[in-house]
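In case you want the letters, here they are:
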Amino acid sequence: MDMLGIIKQLCENMALRWTAHVLVRLTQRGITTDDVVFALLNGDIIEAYPTDYPYPSCLVLGQSVNGNPLHVVCGKGEGELWLITAYEPSLREWEQDFRTRRKS
């Protein structure tokens, strides 16, 4: 199974590890855990970070429950998905497709 399929399966099984960091960031940014799960279930991987420690991770572009673009960084651990951070992408850093980083 590909990484996106694994992410979706772990979300469907609610095998999610919510770190203190991600929960603080979600609260600061007004993003709900439902938004994160919805984005992961309906999103696409736009960047992969195979050498991240302690687990390979990736950046998923999805949408929040209310349809706003949402980026979620997550890593696949042993039998669970580690949620690292989530944010609404900015047009200052991303092209309008929210998939392509702007060149500096």
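About the cut-offs
Residues numbered from 1 in each chain as written. Predicted model: local features only at pLDDT ≥ 70, side-chain atom pairs only at ≥ 80, totals over all residues. Heavy atoms only, no water. Disulfide = S-S within 2.5 Å. Buried < 20%, exposed > 50% of the residue type's maximum accessible area, 1.4 Å probe, protein only. Helix = DSSP H or I, 4+ residues; strand = E, 2+ residues; numbered from the N terminus. Polar contact = N/O pair within 3.5 Å; in protein donor to acceptor, adjacent residues only side chain to side chain. Contact = heavy atoms within 4.5 Å. Pairing = 2+ DSSP bridges. Axes fitted to C-alpha atoms, helices over the stretch in contact; angles between N-to-C directions.

## Brief notes about the state of the cysteines
At step 1: All chains considered together, the criterion is met by 0 disulfides.
At step 2: Take Cys11: it sits in no disulfide, and the sulfur closest to it among the cysteines is that of Cys74, at 7.3 Å.
At step 3: The exposure class of Cys11 is buried, given its relative accessible area of 1%.

## Side note on unusual backbone geometry
Glycine aside, a negative phi is what most residues show, and trans is what most peptide bonds show.
At step 1: Between Tyr53 and Pro54 the backbone carries a cis peptide bond, its omega angle lying at 10 degrees.
At step 2: The residue Met14 is not glycine, and still its phi comes out positive at about 55 degrees.
At step 3: One can find Met14 in the loop between helix 1 (3-12) and strand 1 (16-18).
At step 4: Given a relative accessible area of 55%, Met14 falls into the exposed group.
At step 5: Despite not being glycine, Phe98 shows a phi value in the positive range, around 60 degrees.

## Overview of the environment of Val60
At step 1: Mapped onto the secondary structure, Val60 falls in strand 3 (residues 57-63).
At step 2: It is 6.8 Å that separates the C-alpha atoms of Val60 and Leu40, two residues lying 20 residues apart in sequence.

## Focus on the side chain of Ser57
At step 1: If you trace the backbone, Ser57 turns up in strand 3.
At step 2: Taking relative accessible area as the criterion, Ser57 reaches 4% and is therefore assigned buried.
At step 3: Looking at Ser57, its side chain comes within polar contact range of the side chain of Asp52, at 2.3 Å.
At step 4: Filtering out sequence-adjacent residues up to four positions away, Ser57 remains in contact with Ala48, Tyr49, Pro50, Asp52, Val73, Cys74, Gly75 and Ile84.

## Here we look at the sheet that holds strand 4 (residues 69-76)
At step 1: The mixed open sheet is built from 5 strands, whose spatial order is 1-5-4-3-2. At either margin of the open sheet sits one strand with a lone partner, and together these are strand 1 and strand 2 (44-49). Ignoring strand direction, the axes of neighbouring strands in this sheet form an average angle of 30 degrees.
At step 2: Summarising the sheet, strand 3 and strand 4 pair through 7 bridges and their orientation is antiparallel. Among the inter-strand pairings, Leu61 is bridged to a residue of strand 4, identified as His71.

## Comments concerning the pairing of strand 4
Side chains on a regular strand alternate between the two faces of the sheet.
At step 1: Most of strand 4 is tucked away, with 6 of its 8 residues classed as buried.
At step 2: Counted between consecutive antiparallel strands, the loop separating strand 3 from strand 4 contains 5 residues, among which Gly67 sits at a positive phi close to 95 degrees.
At step 3: As judged from the 6 bridges shared by strand 4 and strand 5 (residues 81-87), these two strands associate in the antiparallel manner. Bridge pairing links Val72 to Ala86 in strand 5.
At step 4: In this antiparallel pair of consecutive strands, strand 4 and strand 5, the connection spans 4 residues, and Gly79 shows a positive phi of 80 degrees.

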